[in-house]
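Residue-level structural notes
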Amino acid sequence: MGKTDFLSPKAIANRIKSKGLQKLRWYCQMCQKQCRDENGFKCHCMSESHQRQLLLASEDPQQFMDYFSEEFRNDFLELLRRRFGTKRVHNNIVYNEYISHREHIHMNATQWETLTDFTKWLGREGFCKVDETPKGWYIQYIDRDPETIRRQQEQEKKKKQDLDDEEKTARFIEEQVRRGLEGKEQGEPVYTELNRENEEEKVVFNLCKGASTSTASHSKASALGSSALKEAGAAPTVKRKETPQNSEKEKKKKKKTALDEIMEFEEEKKKSSRTDHWLQPEIVVKIITKKLGEKYHKKKAVVKEVIDKYTAVVKVIDSGDKLKLDQTHLETVIPAPGKKVLVLNGGYRGNEATLESIHEKKFSATILIETGPLKGRKVEGIPYEDISKLA
């Protein structure tokens, strides 16, 4: 009887069956061969290739078990990290997704007998956070990537810096309010009662330039007495006119001083506010990574879009190709003097400027601010990495 045709229904059915997962009891981990039935597994065990693999394993069985255990652990953790991240998930869900791959390492070839033992081991070794519930064991991957830890530390440092700035601003405002209240208490006028000692006295009101004065003169007073009384009445008039003027001057001085202090405080805060991200749209950058090949190495591109502050979609100027790159794979471009640049970091961040001169020894430049409230200000000694050419 001849061989079965390749396109016969039986051959097609056999190929379809061989693609899917088969029973674990008919799988040989040493030979990495899957058999479909008991007879096939028996024939495989009697084959010479299987006997040779058993002889190799018998020389050092611990070495093979350690190898399979390490492969199983690495593949399991890679699937957990890539598929679920740092989310809390049931261990059986991860395991079922892991064994759905046909070429996976079986657990019966490792040092762990059950999935529960493997889950406990992950918790003891610090790879995952594990906890037992009535529904079973749950695991949560612990991301120990240096880049992730660095970004978390930078975020915590930035939050702490923002809180410190808010506290300083609040204390500064409280101090200004306290000073204003103290000045108000000192500048308040003192009011007294108008008492008339004699009923026959005449009360005279002298209205002079908006200031009200009261003088009492007796009808039978002498000329000397009346002149003295006039002088006595004129003195408080001058004082009352000078008092509001002096208080207004003091208030103006105080307001001006407080405003100057606030402006100086905000300017210092703005100058000290540096961030670890500098990407901005519509600037020219240079690709410095070699992972994309020589085609894009040291090529200039224009930033079209910024994603999550650290990633940019750039368009290569020469070829017009669009790439998605991290800011560590890019650097700023310094144009010739007289060209437009954009400030990317520091106190003048976001302002357009004109490049006046370049200091090659100090790796810095001198720019003239063209936009914003500081328009027309000349800034010297700004680093190369804080400015870039505008597209």
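Cut-offs applied
Residues numbered from 1 in each chain as written. Predicted model: local features only at pLDDT ≥ 70, side-chain atom pairs only at ≥ 80, totals over all residues. Heavy atoms only, no water. Buried < 20%, exposed > 50% of the residue type's maximum accessible area, 1.4 Å probe, protein only. Helix = DSSP H or I, 4+ residues; strand = E, 2+ residues; numbered from the N terminus. Pairing = 2+ DSSP bridges. Polar contact = N/O pair within 3.5 Å; in protein donor to acceptor, adjacent residues only side chain to side chain. Contact = heavy atoms within 4.5 Å. Core = buried A, V, L, I, M, F, W, Y, C linked by side-chain atoms within 4.5 Å. Axes fitted to C-alpha atoms, helices over the stretch in contact; angles between N-to-C directions.

1. Re the pairing of strand β5 (residues 136-141)
Regular strands place side chains that alternate from one sheet face to the opposite one. Here β5 lies mainly inside the structure; 5 of its 6 residues are buried. Of the pairings in the sheet, the one linking strand β3 (residues 88-90) to β5 comprises 3 bridges and is antiparallel in character. Looking at β5, one finds that Arg-88 is bridged to Gln-140. Pairing between strand β4 (residues 128-133) and β5: 6 bridges, direction antiparallel. The residue bridging Lys-129 from the neighbouring strand is Gln-140, located in β5. Between β4 and β5, which pair antiparallel in sequence order, lie 2 residues.

2. Thoughts on unusual backbone geometry
Within the chain, Glu-282 stands out as a residue other than glycine whose phi angle is a positive 65 degrees. Secondary-structure assignment places Glu-282 in the loop between α8 (223-272) and β8 (284-287). Positioned with a positive phi, Asp-308 is a non-glycine residue whose angle comes to about 55 degrees. Tracing the sequence through the fold places Asp-308 in the loop between β9 (300-307) and β10 (311-316). By relative accessible area, Asp-308 is classed as exposed at 64%.

3. Some points on the side chain of Asp-326
Here Asp-326 shows up in strand β11 (residues 322-326). Within the structure, Asp-326 has its side chain in polar contact with the side chain of Thr-328 (distance 2.8 Å). Discounting residues that sit within four places of it in the chain, Asp-326 has contacts with Arg-151, Tyr-310 and Thr-311.

4. What to know about the nonpolar core
Formed by 22 residues in total, the largest nonpolar core has its most connected members in Phe-72, Phe-76, Leu-80, Val-94 and Phe-118. Listed by contribution, the elements that provide at least two residues to this core are α4 (61-84), α5 (91-99), α6 (115-125) and β5. Examining the composition of this core, we find that 7 residues originate from one element, α4, more than from any other. Once you skip the residues sitting within four places of it in the chain, Leu-80 turns out to touch Gly-85, Val-89, Val-94, Cys-128, Ile-139 and Tyr-141.

5. Topic: the sheet that holds β10
Taken together, the 5 strands give an open sheet; going across it, the order is β11-β10-β9-β8-β12, and neighbouring strands pair in antiparallel fashion. A strand with exactly one partner marks an edge of an open sheet, and here the two such strands are β11 and β12 (330-332). Taken pair by pair, the neighbouring strands of this sheet meet at an average axis angle of 45 degrees, ignoring direction. With 6 bridges connecting them, β9 and β10 associate as antiparallel partners. Residue pairing in the sheet places Ile-307 in a bridge with Thr-311 of β10.

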